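Given next are the chains, with one letter for each unit.
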Protein chains: 2
Amino acid sequence: MSTIFFKNKPSVVGWYSVAGKKESEGPLGNTFSRVVKDEYYGEKTHEAAERKLFVTAIQGVMRDAALSPDAVFAGDLLNQIVSASFAMRDIGLPYVGIYGACSTMALSLIVAASYVDAGLIKTAIAAAGSHFATAERQYRTPLEFGNQRPPSAQWTVTGAGATLLTNQKKSAIVATSATIGRVIDYGIKDVNNMGAAMAPAAADTLARHFKNTKTKPNDYDAIFTGDLGRIGEEALRDLLKDEGYVLGDNYYDCGKLVYSGKQKVDMGGSGCGCSAITLNGFIFSKLQTGEYQRVLFMATGALLSPTTSYQGESIPSVANAIVFEHQKQQTEVNSK
Amino acid sequence: MSTIFFKNKPSVVGWYSVAGKKESEGPLGNTFSRVVKDEYYGEKTHEAAERKLFVTAIQGVMRDAALSPDAVFAGDLLNQIVSASFAMRDIGLPYVGIYGACSTMALSLIVAASYVDAGLIKTAIAAAGSHFATAERQYRTPLEFGNQRPPSAQWTVTGAGATLLTNQKKSAIVATSATIGRVIDYGIKDVNNMGAAMAPAAADTLARHFKNTKTKPNDYDAIFTGDLGRIGEEALRDLLKDEGYVLGDNYYDCGKLVYSGKQKVDMGGSGCGCSAITLNGFIFSKLQTGEYQRVLFMATGALLSPTTSYQGESIPSVANAIVFEHQKQQTEVNSK
């Protein structure tokens, strides 16, 4: 059994998102806590800018929530997750490095919520982020190379998000359950078609989650995947149909939400930051007001490295899911 | 508070280590579950060999313990922790990717033990591993380059270890507490002197652990660091003395234990596999028999990437500590 039920329902008492210029010009532009228009964020390298996004998000959520966390659970896409690790020099808190590729926001949240739910620690931060320029350089080619993008490519989001969970006070949003992903590999080798590679893992986790929690897609006001993009989204719908689950109009992909159709991002947004900034703004805001009563947030990750691709390997993928509920609904359900 | 006390004392019911030829010729040679003398392990690349070491260790511990685990917590040193992630394709269990550089065995154990202690899952595997040839290629230069090693260098262990923890049955070894590390950076930039870079993080975690658990170095039959090597070990002793703690003859470094002085490994062994194969053999065996009643196992990690070094950054480090006790002593303490 890989679905976790949070008995004590950890409270989401704070969230913070910092996004880049392109993201600020998209449909979610007014939902971010902060926008940084300089792609270098005042630093000398894009890598240093990415870690500064982490520091901004983590310090932002700590300041806003006015709670002192016991530990930070975080990761990113760069080799040796250096953005999260280097950022933690400035934060000074105990730190658990998490790697789930683009599923890292969800995976960090699952582990953070588990610790808080169990009472092993009182307050935790989960964080993830990415940067377009660093991801291009590391996974494809440096921007200066001027590589042509195939139409199936996705655009790595520049931004970071952080969530603060606690068992010390109540809030309008709680985490109620989560399903940890399994590594699935359908043999896809095209590094410019991550959506297709990740869809099978997404279908596996969603189907297991629905089964273990005895829920159906319509039991959620909204279901979000991280960054499947258009191809991946269609593949997920097809694969889930085979499992007996039909995704309706309540299904969204953060990769499609974050940019508008006019922004030339091909299949949509991607990267750890994509789901991180969508969750820590747009999604949590709607959960806070009660517009969403129950949300399934599932981010997917492609677990490749450039080395494995050079060596001719296919792309194993994973998807991690966590459910957030508006507290009022939770109370009603409990009192039945 | 960053020290976790495991109230339900998760049982260590299985451990497995697989080591390479050089490791098998060292002082711990007869403590490994399996030795693989072919550095390619029958695969075409060293990277594929490394992930096969993971599969061997995880399948080995599952077979020996005859328990079906709910999840695997694992990581390694390669970019995007591909050894652990790719191995998980063959294992098929829910998977949480953990990154703590060479502290990954300890960090994976802490998270796995936390989940089992909390009852969020029943049985978990923690695993970590490394390979000399893949680490040299990624962090320094490919072996074919024939790079000269400075005397402060360490030798990455070829091997992997896996531990199985459960709340479903009792065993002679239990996890009792753990301290999660903070990222510490003293400004050291020499990638051939990891011991010096990691010692301050080791001192920080050890001092916090002693303080939070109200213990002293002599309260443990043995204290193991992961791979500080000779320089790092001396630095740790000095730094801890400043904090009021004197490490005695019960302090060992896995990096020094795993190879003999005749094996030309400079400062000693290193890599995720170093502490992983020492713990999942030598250390657990002595805890099983009761020769060790209480052991503090702390692995350190240097959180750099080649990119950060090229960009002139220093080396942030972390250390994660977990305490294992022989069950009999535990019972006596409880009955007082």
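Just so you know, these numbers come straight off a predicted model, no measurement behind them.

Peer 1: Lay out the overall build of chain A in plain terms, naming residues and giving numbers.
Peer 2: Looking only at helices and strands, one finds 11 helices and 14 strands in chain A. At 18 Å, chain A has a C-alpha radius of gyration in line with the 20 Å of a compact globule built from 336 residues. Seen along its three principal axes, the alpha-carbon backbone of chain A occupies a region of about 60 × 45 × 35 Å. Counting all 336 residues of chain A, 68% fall into the buried class. Across chain A, every contact between residues at least 6 apart in sequence was considered, and the portion connecting residues at least 24 apart equals 78%. Total accessible area on chain A stands at roughly 11500 Å², and carbon and sulfur atoms take up 48% of it.

Peer 1: Pulling in residues and values, what's your account of a negative patch on the surface?
Peer 2: Together, E234, D238, D242 and E243 of chain A make up a region of like negative charge exposed at the surface. Among the structural elements, D242 of chain A can be located in helix α7 (residues 229-242).

Peer 1: Account for the interface of chain A and chain B, with residues named and values stated.
Peer 2: With 53 residues of chain A at the contact, the number on the chain B side is 53 residues. Across the interface of chain A and chain B, roughly 4300 Å² is buried in total on both sides, 60% from carbon and sulfur atoms. At the boundary of chain A and chain B, one finds 6 salt bridges. Residues R51 of chain A and E313 of chain B are paired through a salt bridge, measuring 3.0 Å at the closest nitrogen-oxygen approach. Counting across the chain A and chain B interface gives 22 residue pairs in polar contact (both at pLDDT 80 or more). Secondary-structure elements contributing two or more residues to the side of chain A that touches chain B are β1 (3-5), α2 (46-65), α3 (82-91), β5 (95-97), α4 (104-118), α5 (132-139) and α10 (306-310) of chain A. Of the residues assigned to the side of chain A that touches chain B, the class counts are 28 nonpolar, 15 polar and 10 charged.

Peer 1: An account of the confidence of the model for chain A is requested, with residue identities and associated values reported.
Peer 2: Residue and element names in this part refer to chain A. Looking at chain A, pLDDT values average 94 and 97% of them are 70 or higher. In the model, residues 329-336 has pLDDT below 50 throughout and makes 6 contacts with residues more than four positions away in sequence or in other chains. Scoring the predicted complex yields pTM 0.96 and, for the interface, ipTM 0.95.

Peer 1: Describe the relation of the copies chain A and chain B, listing the residues and the values that go with them.
Peer 2: Of the transformation placing chain A onto chain B, the axial shift is 0.0 Å and the rotation is 180 degrees, giving an RMSD of 0.0 Å. Given the turn and translation reported, the copies of this chain are related as if by a two-fold rotation axis. By residue overlap, the copies meet face to face through one surface: 100% of the interface positions of chain A are interface positions in chain B.

Peer 1: Tell me about the side chain of E325 of chain A, and name the residues and values.
Peer 2: Mapped onto the elements, E325 of chain A comes out in strand β14 (residues 317-326). Polar side-chain contacts of E325 of chain A include one of 3.4 Å to the side chain of R294 of chain A.

Peer 1: With reference to specific residues and values, describe the environment of F297 of chain A.
Peer 2: All names here are of chain A. Note that F297 resides in strand β13 (residues 294-302). With 192 residues separating them in the primary sequence, F297 and M105 have C-alpha atoms 9.7 Å apart. For F297, the contacting residues outside a window of four places in its chain are M105, A106, L109, F224, C254, S275, L279, I283, N320, A321, I322 and F324.

Peer 1: Kindly report on unusual backbone geometry, identifying the contributing residues and their values.
Peer 2: Residues and elements named next belong to chain A. For K9, which is not glycine, the phi dihedral falls at a positive 45 degrees. Under the relative-accessibility criterion, K9 is labelled partly exposed at 22%. Of note in this structure, Q80 is not a glycine but carries a positive phi near 60 degrees. One can find Q80 in the loop between β4 (71-76) and α3. Assessed through its relative accessible area of 2%, Q80 is described here as buried.

Each value, and the rule that gives it
- Residues numbered from 1 in each chain as written.
- Chains lettered and ligands numbered in written order.
- Predicted model: local features only at pLDDT ≥ 70, side-chain atom pairs only at ≥ 80, totals over all residues.
- Heavy atoms only, no water.
- Helix = DSSP H or I, 4+ residues; strand = E, 2+ residues; numbered from the N terminus.
- Rg over C-alpha atoms; globule rule 2.2 N^0.38 Å.
- Buried < 20%, exposed > 50% of the residue type's maximum accessible area, 1.4 Å probe, protein only.
- Contact = heavy atoms within 4.5 Å.
- Areas by Shrake-Rupley, 256 points an atom, 1.4 Å probe, with all protein chains shown as cover.
- Patch = residues over 30% accessible without salt bridge, like charges linked within 9 Å, V, L, I, M, F, W, Y side chains within 5 Å.
- Salt bridge = Lys/Arg side-chain N within 4 Å of Asp/Glu carboxyl O.
- Lys, Arg positive; Asp, Glu negative; His and termini not counted.
- Charge placed at Lys NZ, Arg CZ, Asp CG, Glu CD.
- Buried area = accessible area lost by both parts, 1.4 Å probe.
- Polar contact = N/O pair within 3.5 Å; in protein donor to acceptor, adjacent residues only side chain to side chain.
- Nonpolar A, V, L, I, M, F, W, Y, C, P; charged D, E, K, R; others polar.
- pLDDT = per-residue confidence, 0-100.
- Least-squares fit on C-alpha atoms with pLDDT ≥ 70 in both.

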